[in-house]
Amino acid sequence: MTKVTWHPDTALVHGGSLRSQWGETSESMFVTQGFVYDSAEQAEARFLNLDPGFQYSRFSNPTVTMFEERMALLEGAPVARATATGMAAVTAAILSQASAGDHIVAARALFGSCRYIVEDLAPRFGISCTLVDGRDLDQWRAAVRPNTRVFFFESPTNPTLEVVDIAAVAEIAHAAGARLVVDNVFATALYQKPLELGADVVAYSATKHIDGQGRCLGGVVLCNEEFLEKHLQVFLRQTGPTMSPFNAWVMLKALETFSLRVGRQTETAAKIATFLEGHPKIERVIYPGSDSHPQADICRKQMSGGSTMIALEVKGGRDGAFAAMNKLGIIKISNNLGDAKSLVTHPSTTTHQRFTEEVRQELGINQGLLRLSVGLEHADDLIADLEQALGA
Ligand SMILES: *Cc1c(COP(=O)(O)O)cnc(C)c1O
């Protein structure tokens, strides 16, 4: 029933729907581990992939398949596979294609757990890793070795919203015979399409904007058929980081409102960034949709909108940042993001506490830095909340 000519808004409502014999309007949640076969012959044919259908929910499940199909349509990707969390998606995207003796090049500004995968976990299995400043193309080029297989980064980065030139890094990766994996969580599929820019694999934490209402954990990997068949499919089936049908159902229904939510959150983020830029208590504001972004030209080249995240540095260091956070009313203190509720976090004492002060300085995470995830509340209420919290 899926039409490739649909606009994303239509695909987000109808894409991937599989109706049972009851003709339900809203997609069903198939809470089942297994499936029964009409005959021994059918079971045999299904295991030989000659009979279409389901075998076991670690491999696939109708509700999860609907979510995957809808995500593939949104991204414009040939195929998608859902995972239990965003970290399961990133881990599978990278490790499914790497073996002992291989080498990874990754940007050093990464979500903390992503950095653990490439910097700590992969080397334990003989996969070496070089970290580079993702903004510096010469560093990507210089890091290439004969055994480099994977390039990995996120853009914009967490939490300082630096951007990496996706097309340029894809070209360097391909010239080196490596694949490029992009974590596209902060930009979202609404504003950035890494596959069109040359990336080979895209990973999301569906926990963020895809659910967008702070409920379920989830992840998704998007790629072409060849990567799925050669690397990803067998890795996911045998290691089992499967998304549950319940979470897939929540995500599937959340996608119906994805572009409305993320679109509104982005409009509000732009208003808040403008307000903050003129505020006397603010040292600097980093927002990918703003002309003042240090890499505004790259933002404009590869993103069609600024998305929902703002980094702001409050005057007065840690004390100034903590005082402002503690006075906020509507905006809640939480390390999550992409939620309908606006959330603020102080990266240097929470999400990036694990790093040494030296690494934090290298990443631009100083004591006054706050990361704001803009929600669905009215822009005027959020601005009023920030105004009273920052004081005159
Ligand atoms: C949250 C996040 C992840 C991890 O996702 P989980 O669903 O928490 O496992 C990975 N990358 C980025 C950029 C994230 O923001």
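Naming follows an unreviewed UniProt entry, where the protein chain appears as O-succinylhomoserine sulfhydrylase of Pleomorphomonas diazotrophica. Under the UniProt heading Subunit (unreviewed entry), the note attached to the protein chain is "Homotetramer." Under the UniProt heading Pathway (unreviewed entry), the note attached to the protein chain is "Amino-acid biosynthesis; L-methionine biosynthesis via de novo pathway; L-homocysteine from O-succinyl-L-homoserine: step 1/1."

With that settled, consider the pattern of salt bridges. Counted according to the given criterion, the structure contains 20 salt bridges. With a closest N to O distance of 3.8 Å, Glu-256 and Arg-70 form a salt bridge. Of the two residues, Glu-256 is situated in the loop between α10 (245-255) and α11 (258-277) and Arg-70 in helix α3 (residues 62-75); the sequence distance between them amounts to 186 residues. On the basis of relative accessibility, which here comes to 27%, the residue Glu-256 falls in the partly exposed class. Put simply, Arg-360 and Glu-357 hold a salt bridge, and the shortest N to O gap is 2.9 Å.

It is worth spelling out a nonpolar patch on the surface at this point. On the surface, a nonpolar cluster with roughly 290 Å² of combined accessible area is contributed by Met-29, Val-31 and Phe-246. You can see Met-29 is positioned in the loop between α1 (8-14) and α2 (40-47).

Packing of α11 against helix α15 (residues 379-390) leaves a shortest axis separation of 10 Å and a crossing angle of 30°. Considered as vectors, α11 and α15 are oriented roughly parallel to each other. By crossing handedness, the relation of α11 to α15 is classed as right-handed. Facing α11, whose interface residues are Thr-268, Lys-271, Ile-272, Phe-275 and Leu-276, α15 presents Ala-379, Leu-382, Ile-383, Leu-386, Glu-387 and Leu-390. When the residues that make up the contact of α11 with α15 are grouped by side-chain class, the tally is eight nonpolar, one polar and two charged.

This part covers the sheet that holds strand β6 (residues 201-205). An order of β1-β7-β6-β5-β4-β2-β3 is seen for the seven strands of this open sheet, with the pairing classed as mixed. Of all strands in the sheet, those bounded by a partner on one side alone are β1 (79-83) and β3 (128-132). The sheet shows a mean angle of 20° between the axes of neighbouring strands, direction not considered. Of the pairings in the sheet, the one linking β6 to strand β7 (residues 219-223) comprises four bridges and is antiparallel in character. Paired with Ala-203 across the bridge in β7 is Val-221. Its contacts with the sheet place helix α5 (residues 112-124) against β2 (103-107), β3, β4 (148-154) and β5 (179-183), and it is angled at close to 135° to β3. Helix α9 (residues 225-239) rests against β1, β5, β6 and β7 of the sheet, and its axis sits at about 15° to β1.

The next thing to look at is the pairing of strand β9 (residues 309-314). The buried fraction of β9 amounts to six of the six residues, a majority that puts the element mostly inside the structure. The alternating pattern of β9 places Met-309, Ala-311 and Glu-313 on one face and Ile-310, Leu-312 and Val-314 on the opposite face, and all of these are buried. Two strands pair when backbone bridges link them, and strand β8 (residues 282-286) and β9 are joined in this way by four bridges, in the antiparallel orientation. Bridge pairing links Ile-282 to Val-314 in β9.

Following the sequence through the fold, Asn-247 ends up in helix α10. Once residues lying within four places of it in the same chain are set aside, the contact partners of Asn-247 are Cys-216 and Leu-217.

Definitions and cut-offs
Once a new chain begins, its residue numbering starts again from 1 and follows that chain's sequence as written. In view of the model being predicted, local features appear only for residues whose pLDDT reaches at least 70, and side-chain atom pairs are presented and counted only at 80 or more, with totals across whole chains, interfaces and linings using the full set of residues. In computing side-chain properties, one takes all heavy atoms of the structure into account and sets aside hydrogens as well as water. UniProt positions are given in the numbering used here, feature names are shortened, and annotations may be inferred rather than shown by experiment. Criterion for a salt bridge: a side-chain nitrogen of Lys or Arg within 4 Å of a carboxyl oxygen of Asp or Glu. A run of H or I in DSSP counts as a helix once it spans at least four residues, and a run of E counts as a strand once it spans at least two, with each numbered from the N terminus. Accessible area is worked out with a 1.4 Å probe on protein chains only. A residue is then buried under 20% of its type maximum, exposed over 50%, and partly exposed in between. Each patch is built from residues lacking any salt bridge and having more than 30% relative accessible area; the joining distance is 9 Å for like charges and 5 Å for nonpolar side chains (Val, Leu, Ile, Met, Phe, Trp, Tyr). For accessible areas, the Shrake-Rupley method is used with a probe of radius 1.4 Å. Any residue's cover is judged against the shown protein chains and nothing else. To get an axis, a line is fitted to the C-alpha atoms, and for a helix only the part in contact is used. The angle between two axes follows their N-to-C directions and goes from 0 to 180 degrees. Should an angle fall under 35 degrees it is called roughly parallel, over 145 degrees roughly antiparallel, and 65 to 115 degrees roughly perpendicular, with every other angle called oblique. Two helices crossing with the near one rotated counterclockwise from the far one by less than a right angle form a left-handed crossing, whereas a clockwise rotation gives a right-handed crossing. By definition in these notes, contact holds between two residues if any of their heavy atoms fall within 4.5 Å. The classification used treats Ala, Val, Leu, Ile, Met, Phe, Trp, Tyr, Cys and Pro as nonpolar, Asp, Glu, Lys and Arg as charged, and all other residues, Gly among them, as polar. Pairing between two strands is assigned when DSSP locates at least 2 bridges connecting them.

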